[in-house]
Amino acid sequence: MKVLYAIQGTGNGHLSRARDIIPLLQKQRLALDILVSGTQADIKIPHPVKYQMNGWSFIFGKKGGVDVWRTYLKTNSSRLQREVKSVPVGDYDLIINDFEPVSAWACKLRHKPCVSLSHQAAVLSKKAPKPKKSDPLGRLILKKYAPTTKQFGLHFKEYEPYIHTPIIRQEIRNTTRTKGQHYTVYLPSYSDEKLLNVLSEIKTVQWEVFSKHARTNFFQNNITVRRINNEAFVQSMATSRGILCGAGFETPAEALHMGKKLMVIPMKSQYEQQCNAAALKDMGAPIIKSLKMKHLNKIKSWIETDSIKEVYYPDITESIIDQLLQETVIGTSH
């Protein structure tokens, strides 16, 4: 069976998850090809990528949200249309899609089934937590960005039968965890200057900031700023006292699984992260709206408490892949 696995390359979570999924697909002795689209990832997958596309990437800003103008300038609609037309989806028996727009739209335009294995598929569930403030446009974008015909969702909890708990990478599961003195920070939509300005106000804490914007590693008082490196980031999280991060999916899930103290700042005007923040709040994780001086006391209070919301996520990745392949072959749906 010929299978195309299409992965979103904006951010690092999708590719991190793919590092565990690809070997399991290869184990099934499938004829597997990989497609990656997007320009904002900082990590690579150790597997050959047959199709590398520009796709439709959201560009991280420096003020806590998406840089709408740079995203617009980077989005070349005619190139995107050419990429959609160029993907030979008809050559494949199965297309597995992790929120990847080029292959999803290629399938939609050619009436080809496309199976979603993604967090976004779960976020759209009516039973998944939503923010108090509605965002019809944000929900519409999430729904139309990478349309699929069948969904296997991933979320912090199993809100519906087709939703599974997070895929925790083996390198996270196998990492020795200790409770150190530093706090790991990953807030890619904020500038280094903003992070330094706010975090330097809490002088009793050692901060390890992983930056999407820094060109080199550097130190400033009680703050270490490092370029994003997967191995260094995993090690920093595993030996941290707590993790301050955006309301993405993978990093908060890994923090919960490792039993690390977690505080989350969702990106502004990013519907998926607002939904994630709502889910994490229900689970007891503290949420702040933005990285501003007015929220400094909330960060200090979080540091002073030792309350941890540890969640054990079983290793079910292989069973998810088995179920996906079985249901796809049989043609059943949830």
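Scroll up to find the structure.
Quantities reported herein were computed from a predicted structural model and do not represent experimental measurements.

1. Section: the nonpolar core
Residues Tyr5, Ile7, Leu117, Phe156 and Leu262 are the most contacted members of the largest nonpolar core, which totals 58 residues. Ranked by residue count, the leading element in this core is helix H1 (residues 13-27), at six residues. Setting aside chain neighbours within four positions, we find Tyr5 in contact with Ala18, Ile21, Ile22, Leu25, Leu32, Asp33, Ile34, Leu35, Ile96 and Asp98.

2. Things to note about a positive patch on the surface
On the surface, Lys132, Lys133, Lys268, Lys281, Lys289, Lys292, Lys294 and Lys298 cluster together into a positively charged patch. Following the sequence through the fold, Lys268 ends up in the loop between strand E13 (261-265) and helix H11 (271-282).

3. A look at the sheet that holds strand E2 (residues 31-37)
Taken in spatial order, the seven strands of this open sheet run E3-E2-E1-E4-E5-E6-E7, and their pairing is parallel. If you trace the sheet from one side to the other, it starts and ends with strand E3 (51-53) and strand E7 (163-164), each paired once. In this sheet, strand E5 (residues 115-118) lies alongside strand E4 (residues 94-98) in parallel orientation, the contact comprising two bridges. Among the inter-strand pairings, Asn97 is bridged to a residue of E5, identified as Ser116. Packing against the sheet, helix H4 (residues 101-109) makes contact with strand E1 (2-8), E2, E3 and E4, and its axis sits at approximately 135 degrees to E4.

4. What to know about the sheet that holds strand E10 (residues 218-220)
Judged by pairing direction, the sheet is mixed, and its six strands sit side by side in the order E10-E11-E9-E8-E12-E13 without closing on themselves. Each edge of the sheet is formed by a strand with only one pairing partner; in this case those strands are E10 and E13. Sheet twist, expressed as the average angle between the axes of neighbouring strands with direction ignored, equals 20 degrees. Across four bridges, the pairing between strand E8 (residues 182-186) and strand E9 (residues 206-211) is parallel. Bridge assignment links Thr184 to a residue of E9, and that residue is Glu208.

Cut-offs used in this document
Residues numbered from 1 in each chain as written. Predicted model: local features only at pLDDT ≥ 70, side-chain atom pairs only at ≥ 80, totals over all residues. Heavy atoms only, no water. Core = buried A, V, L, I, M, F, W, Y, C linked by side-chain atoms within 4.5 Å. Buried < 20%, exposed > 50% of the residue type's maximum accessible area, 1.4 Å probe, protein only. Helix = DSSP H or I, 4+ residues; strand = E, 2+ residues; numbered from the N terminus. Contact = heavy atoms within 4.5 Å. Patch = residues over 30% accessible without salt bridge, like charges linked within 9 Å, V, L, I, M, F, W, Y side chains within 5 Å. Areas by Shrake-Rupley, 256 points an atom, 1.4 Å probe, with all protein chains shown as cover. Salt bridge = Lys/Arg side-chain N within 4 Å of Asp/Glu carboxyl O. Lys, Arg positive; Asp, Glu negative; His and termini not counted. Charge placed at Lys NZ, Arg CZ, Asp CG, Glu CD. Pairing = 2+ DSSP bridges. Axes fitted to C-alpha atoms, helices over the stretch in contact; angles between N-to-C directions.

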